[in-house]
Every structure is written in C-alpha cells, then in structure tokens.
Amino acid sequence: MQATIEERMGDGMRDRIRRVSAEATDPADQFIQTFKLTRQVFDYDPIGPYADKEEYEPFDLRAYDETWTDMRRLQDDGTYPRAFATIESPVLMIHGQYDPHPGEMIRDSLLPHIPRLEYRELDDCGHSPWIEKSARKLFFSSVCGWLEGQTA
C-alpha cells in the first residue's frame, strides 16, 4: 500500500505537503489540508460535489489519533482479526481496484476469520465507491442486490 501511495504522489504533491507541514500551525488543519492534497491517491474519479466536499470538517484530530492508536494496539495483540470469528452472518466486501489498500490481501487475511465473506472488486474505483463516477451505480446496485439475495 505504501509503495502504491508513494508511486502516485509525485514530487509536486510531496512539495505541497511539505509546505502545508511548514505553514499550518494547527495540527488538525494540517491533517485536513494534507488529506485534501492526497485524496487523488485514493479516489479514482470522484463525482463533482464530492471531489471538493468539506465532509471532514470540523476535524477532531485527538479522536482520530486515539481511535487509530487503539486499533493498532488491538491488531498488534491479535484481537483483530481474531474477534471477527464471532461473525456468523454473510459479509460483502466491495473494493475498488484503484484503492491503494490491497483488497485481495485483506480479503485473504479475513477469510479464516469470516468464512462467509464475499469479495467483489470494482474497476475504475478508488477507496470510496459511493462517490466514484464509474462505480457509484454499480456499488449501490451490488449492495442492494446482495442484500436482497440474503433475505430470499
């Protein structure tokens, strides 16, 4: 994942991130500005209003840091993914092929803990399929169709 992110960033983006780091004095503001700069690394072709949406503001950096610190601890001690073994229901994992997170690798690591995991990968789609021009309709129809199939 990190190699994919680095490959997509380019020198221009790295320079802009360095400027943000030097100029932004508020750590939460710095985080949001960096997030906005790097969004293209994760999104393939977001729908207009989502491309510039301020959906993450105001941003609680402390809550973010505490949440991810706790999640890393739970992963390091094996709680996750081991705790997922209690999931008995079917699970649908939809992953965009442009998403730098390694979808198939994540799926394979979860399958021993979630045996009813179904994986679908969408072309021309990044980390947030519901905002992608080419994948949005397919994402929602896949979710709806899959849910309808679970109630049949």
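Residues numbered from 1 in each chain as written. Predicted model: local features only at pLDDT ≥ 70, side-chain atom pairs only at ≥ 80, totals over all residues. Heavy atoms only, no water.

**Student:** Describe the overall build of the chain, and please don't skip the residues or the numbers.
**Tutor:** Within the chain, the secondary structure is distributed over seven helices and two strands. Seen in sequence order, the chain has helices and strands lined up from the N terminus as α-α-α-α-α-β-α-β-α. With respect to the principal axes defined by its C-alpha atoms, the chain has extents near 55 × 40 × 30 Å. By residue count, 26% of the 152 residues in the chain fall in the buried class. Taking the contacts inside the chain whose residues are at least 6 apart along the sequence as the reference set, 68% of them involve residues at least 24 apart. Split by element, the accessible area of the chain, about 10000 Å² in all, is 53% carbon and sulfur. Taking the average place of the 18 positive charges on the side chains of the chain and the average place of its 29 negative ones, the gap between the two points comes to 1 Å. (Helix = DSSP H or I, 4+ residues; strand = E, 2+ residues; numbered from the N terminus. Buried < 20%, exposed > 50% of the residue type's maximum accessible area, 1.4 Å probe, protein only. Contact = heavy atoms within 4.5 Å. Areas by Shrake-Rupley, 256 points an atom, 1.4 Å probe, with all protein chains shown as cover. Lys, Arg positive; Asp, Glu negative; His and termini not counted. Charge placed at Lys NZ, Arg CZ, Asp CG, Glu CD.)

**Student:** I'd like a rundown of a negative patch on the surface, residues and numbers included.
**Tutor:** The grouping of Glu104, Glu121, Asp123 and Asp124 at the surface amounts to a negative patch. Positionally, Glu104 belongs in helix 6 (residues 103-110). Residue classification places Glu104 among the partly exposed positions, given a relative accessible area of 46%. (Patch = residues over 30% accessible without salt bridge, like charges linked within 9 Å, V, L, I, M, F, W, Y side chains within 5 Å. Salt bridge = Lys/Arg side-chain N within 4 Å of Asp/Glu carboxyl O.)

**Student:** Before we move on, can you summarise the pattern of salt bridges with the specific residues and values?
**Tutor:** Tallied over the entire structure, the rule returns 10 salt bridges. Here Asp70 ties to Arg73 by a salt bridge, and the two come within 2.4 Å at their closest N and O atoms. Taken together, the residues span about one helical turn, with Asp70 and Arg73 both in helix 4 (residues 61-76) at a distance of three residues. Owing to a relative accessible area of 45%, Arg73 belongs among the partly exposed residues under this scheme. When the shortest N-O distance is used, the salt bridge between Arg73 and Asp77 registers 3.9 Å.

**Student:** Quick one: what's the story with the packing of helix 1 (residues 2-23) against helix 2 (residues 27-42), residue by residue and with numbers?
**Tutor:** Relative to each other, helix 1 and helix 2 sit at 160°, their axes nearing to 10 Å. Between helix 1 and helix 2, the crossing angle belongs to the class labelled roughly antiparallel. The two elements helix 1 and helix 2 cross, and the hand of that crossing is right-handed. Here Ile5, Arg8, Met9, Met13, Arg16, Ile17, Val20 and Ser21 of helix 1 lie close against helix 2, whose contacting residues are Gln30, Gln33, Thr34, Leu37, Thr38, Gln40, Val41 and Phe42. (Axes fitted to C-alpha atoms, helices over the stretch in contact; angles between N-to-C directions. Parallel < 35°, antiparallel > 145°, perpendicular 65-115°, else oblique. Left-handed = near helix turned anticlockwise from the far one by under 90°.)

**Student:** For helix 2, give the residues involved together with the corresponding values.
**Tutor:** Between the first and last C-alpha of helix 2 there are 22 Å, a value that for 16 residues agrees with the 22 Å anticipated at 1.5 Å per step. Regarding helix 2, the residues found buried are Ala28, Ile32, Thr38, Arg39 and Val41. (Expected span 1.5 Å × (residues − 1).)

**Student:** Go over the pairing of strand 1 (residues 91-96) with me, naming the residues and quoting the values.
**Tutor:** Across the six residues of strand 1, five count as buried, placing the element largely inside the fold. The sheet contact formed by strand 1 and strand 2 (residues 117-122) spans six bridges and is parallel. Within strand 2, the residue paired with Val91 across the bridge is Leu117. Crossover handedness for the path strand 1 to helix 6 to strand 2: right-handed. (Pairing = 2+ DSSP bridges. Right-handed = clockwise from strand over helix to strand, strands pointing away.)

These values are about where atoms sit, not about what they do.
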